[in-house]
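Residue-level structure breakdown
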Amino acid sequence: MTYVRSYGRRDLFITFTCNPAWPEIKEELSHGQTVTDRHDLLARVFRQKEQKFIKVLTKMDVFGEARCWMYSIEWQKRGLPHSHNLIWLKEKKHSTQIDDVISAEFPNPEVDPVLSDIVKKA
């Protein structure tokens, strides 16, 4: 409530979920282990990626300059962490600008084959 009183309603609400197929996780599993056997590994890898995610969103001004942000990490019932990220921007986004922020399209396999493969696997 303090953030809302000081900065108004948040501009972005982004959920970031751990992917058990991340190479950093798969490479560290011993023979016969599954991701559910290594919660410590999931937590460490997720934390590193979450910090990088926040840095990209807030320092690289992906959606505009960030005024402030906060996040909360939770564990899902299936055993994977995820975070809820709230971001307040210096220049508010209006409903008419939403198409500039959100897009849903498949990457062109000729232009970016790596990203195209990642999307196809998910």
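Residues numbered from 1 in each chain as written. Predicted model: local features only at pLDDT ≥ 70, side-chain atom pairs only at ≥ 80, totals over all residues. Heavy atoms only, no water.

Quick word on the layout of surface pockets
- Here the second largest pocket defines a volume of roughly 160 Å³.
- As for the second largest pocket, its lining consists of Leu12, Ile14, Phe63, Ile98, Val101, Ile102 and Ser103.
- Partitioned by chemical class, the residues of the lining of the second largest pocket number six nonpolar, one polar and no charged.
- Each of domain 1 (2–91) and domain 2 (94–121) gives at least three residues to the lining of the second largest pocket. (1 Å grid on protein atoms, 1.4 Å probe; cavity = no way out; pocket = protein on both sides within 12 Å on 5 of 7 lines; lining within 4 Å. Points joined across faces, edges and corners; volume = space filled by probe spheres on them. Nonpolar A, V, L, I, M, F, W, Y, C, P; charged D, E, K, R; others polar. Domains from an automatic or database assignment.)

Here we look at the packing of aromatic side chains
- Scanning all chains against the criterion turns up five aromatic pairs.
- Judged by centre distance (6.2 Å) and plane angle (45°), the rings of tyrosine 3 and tyrosine 7 are tilted. One end of the pair is tyrosine 3 and the other is tyrosine 7, both in helix α1 (residues 2–7) and four residues apart, which spans about a single turn.
- Of the residues examined, tyrosine 7 reaches a relative accessible area of 32% and is grouped as partly exposed.
- One aromatic cluster in this structure is built from Phe16, Trp22, Phe46 and Phe53.
- Lysine 49 extends its terminal NZ or CZ atom over the ring of tryptophan 22, reaching a point 4.8 Å from the ring centre. (Phe/Tyr/Trp six-rings, centres within 6.5 Å; stacked < 30°, edge-to-face > 60°. Helix = DSSP H or I, 4+ residues; strand = E, 2+ residues; numbered from the N terminus. Buried < 20%, exposed > 50% of the residue type's maximum accessible area, 1.4 Å probe, protein only. Lys NZ or Arg CZ within 6 Å of the ring centre and 35° of its normal.)

A word on the sheet that holds strand β3 (residues 81–89)
- Overall, antiparallel pairing links the three strands, which are arranged β1-β3-β2 in an open sheet. Of all strands in the sheet, those with a lone pairing partner are β1 (12–17) and β2 (66–75), marking the two edges. Ignoring strand direction, the axes of neighbouring strands in this sheet form an average angle of 20°.
- The sheet contact formed by β1 and β3 spans six bridges and is antiparallel. Along β3, the bridge assignment pairs threonine 15 with histidine 84.
- Docked against the sheet, helix α3 (residues 39–59) engages β1, β2 and β3, running at close to 165° with respect to β2. (Pairing = 2+ DSSP bridges. Axes fitted to C-alpha atoms, helices over the stretch in contact; angles between N-to-C directions. Contact = heavy atoms within 4.5 Å.)

Let's talk about the UniProt feature "domain: Helitron helicase-like" (unreviewed entry) in the protein
- Those places that UniProt annotates as "domain: Helitron helicase-like" (unreviewed entry) correspond, in this numbering, to residues 1–87.
- Counting secondary structure, residues 1–87 comes out at 36% helix and 26% strand; the distance between its end C-alpha atoms is 14 Å. (UniProt positions renumbered as here; feature names shortened; annotations may be inferred.)

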